[in-house]
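# What the coordinates show
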Amino acid sequence: MASKGAPAEEDVELKIGVKVSVDGKRKGIVKFIGKTVYGPGVWLGVELEKPKGTHDGLQDGQRYFTCKPGHGIYVKADQVVEKNKNWFGGGNAAVRMIQSFVRGNKERQVTDHKKVFMAWNALDLDDEAQHHEQAATQDRVEALLRASHPSVAQLPNEISASTLAESCGVPIDPTKWGEDMEVEPEYEGPRVSFPITEQGAADLLHHIRANPDLPLHPKYMAQLLGRVTKLLQDQGVGPVNHCTVPPDGKIIIFGDTHGQLADFLLVLQRHGPPSEKVAYLLNGDIADRGDNSVEIFVVVLVYKLLHPNRVFINRGNHENHDINRKPAEYGGGFYDEVMYKMDGSVFLMFQQFFETLPLVSVIEKQVCVLHGGIPRKEGVLLKHIEAIQRRRQCPKVVQTADDAILFDLMWADPQDQRGIALAAQRGPNCRKFGPDVTKRFLSDNALSLCIRSHEVPISLRGFEERHDGRLLTVFSASNYCGQAGNYGAVVVFDSDMSYTLEEHMAPDLDSMIAEYIESLPASAKGSAAGAMARVTSWKSGQNAQVDLEKSREQMQADVMAKLEVKICQHKDGLWWYWKNEDHENTGMISAAKWREGMTSQLNLDVPWFSLQKELANPDDNGNVNYHAFLERVRNSAMSEGLKNTTAGWEKLMVVKLYESILRCDMTLKQTLTEFDPDGDGVVSPWEFKQALRNANVDIPDQQLNAIMRTMDLQDDKLDVASFLDRFQVV
């Protein structure tokens, strides 16, 4: 098996050993010329005179030359100029100098954006870590209640989607989904007839391409979900699904799409819809964040029914109830999307469907495709994965071997170090796996390559090769969340199992719709455009793709706003850290000490040096007035009224209340009394604040009001049952 499509090697004037200037500013000696795994064309390995490189010749597990640590760099051939050729020298020296200068500016912009992306990604992972910490705390509270109350102890630890659906009156028999729904006479959207035909599928795809803001009727959505769920059951699809590449055809593997319909449609436009010659495998995380997860599912489900052996879907960590219930700005959004376009019963049908999806797909007994990573348990075989119970929600806390396998397949990340390590940035249950783990897993299961998704490569490419080429990350949502500025990619396997990596940057969805409508025959244009004009679209705000420059500005602003909130949350720790460094009590610290404090107290993997100018505003001597800094950040956050961070503050309060209950070892009756001391069945703002104070959580009235606004109040009070239910929802 091999990657293909590399261009022919170019002619290069430079020779090994020649002194060069890289991008017109760094001097060094050429140590290597040739092809690399870093991209097409000719690359040069240069040993720099000063330690301004990134390695000693070894990068991403590949070595093409050896030099002193920190002096090595790989660059494209047109980025260097021979040192003894001046501006007026022969050949194309002047042109190349100008190109190097322009390229240097562009590279600095890209580098700056990557650093901001690192901060944005660290904050996103921190949100996930808080989610896992909160889930672990909730699990401990549930264990305490089970131990104290026999009636509660009979309930299952991990409630499956079918149990939840049945308790809400939604049938668990998928053949009955949608039976009790009626299509209203005024419904103007597409109709679905069964069995699905090529024309019927083409009509639905046409509707999605021309008018995605007019959603499918809930009855049709329920029927599609029910029929595909029944199909998976009839096919006997388990946790491991085996599939093949169509003879003389291809299979296209998607990474995360996260509701970004433009990326999905762009790939379909390039390769065509599923057919006897074209198969698709979607590697999880279709749901959440973006605006159009439902529309992607509609297309996938329709073609799954039409071509059962040409459409495959793996389950990702976002195909899970608790993540879907979170708001879009905190990594969820699918619940809100379904509730706007459909209703709650359809959401519960989606959850049952998610639990029937496989966790791993194996292509031609050679390549395994999974969403997150390789399980932490040594010696895991495909037969062990096949044997686990996956018809449940992802476990909140890893307690058994099966829990670990299920959790890691959806949540684990790779690392360059050997072995298994804690992935603290994602949460207490999450793990990282090294190249030796990948090699052993592939060898034990007679496989040659593992493809996973789950994260945007830090290079902002659509793919990333790791672990000596045995592990490939593919991420398909370009310009992720309308901010990241990354490329998307898919993997295309031909029938000989050679593969190509195809990157893309999708245009905004409105442009794609307009272009598609313009390509239609004149008779079809009017109806498509007219239908668009009648629709008010639902937008989460997460997929409003704009040009890259605006995306970068938006990301910068988003990072600064989120960092201000984190700083407010840790202001006491920051103040004490810097106060202890301020030996002369001047109110000033060095920028280096400012960075140390931020790293120590916020525990975020953020490039503070790159952000310190805008955040800390150091003076000409490189010192920071930490009193003024904390006051400025606090005022900025409070002036916003915490309107964009209410859910974040609420989560912290809930976690602290949970921990307080655990420490106090209270019975259920005592817990209720803590929230509702006067026993009137409702929680007033005063009672809520008293509960927080009893838990040693003291917050100002402005933040208390912000938290209370997120709850459904009646006459400025909250029903006790609703209040306790909030603990399970947040």
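This text goes with the structure placed above it.
I will try to describe carefully the structure that is included in this document. Computed from a prediction, not measured in an experiment: that's the story for all the values here.

## Things to note about the overall build of the chain
Looking only at helices and strands, the chain has 25 helices and 25 strands in total. The buried share of the chain, reckoned over its 730 residues, is 52%. Within the chain, contacts between residues separated by at least 24 positions form 70% of all contacts whose residues are at least 6 apart in sequence. For the chain, the computed accessible surface area is about 32,200 Å², with 50% contributed by carbon and sulfur atoms.

## A short note on the pairing of strand S18 (residues 463-466)
Relative to strand S19 (residues 471-474), S18 runs antiparallel, the two being bridged by four bridges. Following the sheet pairing, Glu464 is matched in S19 by Thr473. Counting the residues between successive antiparallel strands, the hairpin from S18 to S19 contains four residues, one of them, His467, with a positive phi of roughly 55°.

## Concerning the pairing of strand S11 (residues 311-314)
Burial along S11 is two-sided: Val311 and Ile313 and Phe312 and Asn314, pointing in opposite directions, are all buried. Bridge count between strand S10 (residues 278-283) and S11: four bridges; the pairing is parallel. Across the sheet, residue Tyr280 finds its bridge partner in S11, namely Val311. After leaving S10, the chain enters helix H7 (residues 293-306) and then returns to the sheet as S11, a path that is right-handed.

## Some words on helix H9 (residues 334-341)
Residues of H9 that are buried: Phe334, Glu337, Val338 and Lys341. What you see down the axis of H9 is that its buried residues fit within an arc of 95°, all on one side. Residues of H9 that are buried sit in contact with helix H5 (218-235), H7, helix H8 (321-324) and helix H10 (344-356).

## Some details on the packing of helix H6 (residues 261-271) against H7
Across the interface, H6 lies against H7 with an axial gap of 9 Å and an inter-helix angle of 30°. Considering their axes alone, H6 and H7 lie roughly parallel with respect to each other. Relative to H7, the crossing made by H6 is left-handed. Contacts from Leu261, Phe264 and Leu268 of H6 reach H7 at Glu295, Ile296, Val299 and Val300. Per-class residue counts for the contact of H6 with H7 are six nonpolar, no polar and one charged.

## Some remarks on the nonpolar core
If you look at soluble globular proteins, the nonpolar side chains tend to sit buried side by side. Judged by nonpolar contacts, the single largest core of 67 residues is most densely connected at Phe264, Phe350 and Phe353. Here the element with the most residues in this core is H7; it accounts for 10 residues. Not counting residues within four places of it along the chain, the set of residues in contact with Phe353 comprises Trp177, Leu225, Val228, Thr229, Leu232, Phe297, Leu301 and Ile313. Ranked by size, the runner-up nonpolar core spans 36 residues in total, among them Val456, Leu563, Cys568 and Leu611.

## Quick look at the side chain of Asp436
Looking at the secondary structure, you find Asp436 in helix H13 (residues 435-444). According to the relative accessible area criterion, Asp436 is buried, its value standing at 17%. Dropping the residues within four chain positions of it, Asp436 is found in contact with Arg418 and Gly419.

## A word on the side chain of Asn283
Mapped onto the fold, Asn283 is located in strand S10. Of note is the side chain of Asn283, whose polar atom sits 3.0 Å from the side chain of Asn314. Other than its neighbours up to four places away in sequence, Asn283 contacts Phe254, Asn314, Val369, Leu370, His371, Ile451, Arg452 and Ser453.

## Quick look at the sheet that holds strand S8 (residues 240-243)
Taken in spatial order, the six strands make up an open sheet running S8-S12-S13-S17-S19-S18, and their pairing is mixed. A strand with exactly one partner marks an edge of an open sheet, and here the two such strands are S8 and S18. Across the sheet, the mean angle from the axis of one strand to that of its neighbour is 20°, orientation sign disregarded. As paired elements, strand S13 (residues 367-370) and strand S17 (residues 449-452) share three bridges and run parallel to each other. In the sheet register, Cys368 faces S17, and the bridge partner there is Cys450.

## Section: the pattern of salt bridges
All chains considered together, the criterion is met by 22 salt bridges. With a shortest N-O distance of 3.2 Å, Asp416 and Arg466 are connected by a salt bridge. With Asp416 in the loop between strand S14 (413-414) and strand S15 (420-422) and Arg466 in strand S18, the pair connects residues that are 50 residues apart, well separated along the chain. The exposure class assigned to Asp416 is exposed, which follows from its relative accessible area of 57%. Taking the relative accessible area as the measure of exposure, Arg466 reaches 14% and is therefore buried. Salt bridges linked by common partners bring Glu128, Asp413, Arg426, Arg452 and Glu455 together as one network.

## Section: the sheet that holds strand S16 (residues 431-433)
With mixed pairing, three strands are arranged side by side in an open sheet as S14-S16-S15. Two strands in the sheet have a free side with no partner beyond their single neighbour: S14 and S15. Across three bridges, the pairing between S15 and S16 is antiparallel. Bridge pairing in S16 links Leu422 to Arg431.

Conventions used here
- Residues numbered from 1 in each chain as written.
- Predicted model: local features only at pLDDT ≥ 70, side-chain atom pairs only at ≥ 80, totals over all residues.
- Heavy atoms only, no water.
- Helix = DSSP H or I, 4+ residues; strand = E, 2+ residues; numbered from the N terminus.
- Buried < 20%, exposed > 50% of the residue type's maximum accessible area, 1.4 Å probe, protein only.
- Contact = heavy atoms within 4.5 Å.
- Areas by Shrake-Rupley, 256 points an atom, 1.4 Å probe, with all protein chains shown as cover.
- Pairing = 2+ DSSP bridges.
- Right-handed = clockwise from strand over helix to strand, strands pointing away.
- Arc of directions from axis to C-beta.
- Axes fitted to C-alpha atoms, helices over the stretch in contact; angles between N-to-C directions.
- Parallel < 35°, antiparallel > 145°, perpendicular 65-115°, else oblique.
- Left-handed = near helix turned anticlockwise from the far one by under 90°.
- Nonpolar A, V, L, I, M, F, W, Y, C, P; charged D, E, K, R; others polar.
- Core = buried A, V, L, I, M, F, W, Y, C linked by side-chain atoms within 4.5 Å.
- Polar contact = N/O pair within 3.5 Å; in protein donor to acceptor, adjacent residues only side chain to side chain.
- Salt bridge = Lys/Arg side-chain N within 4 Å of Asp/Glu carboxyl O.

Geometric descriptors of this kind do not, in isolation, establish any biological role.
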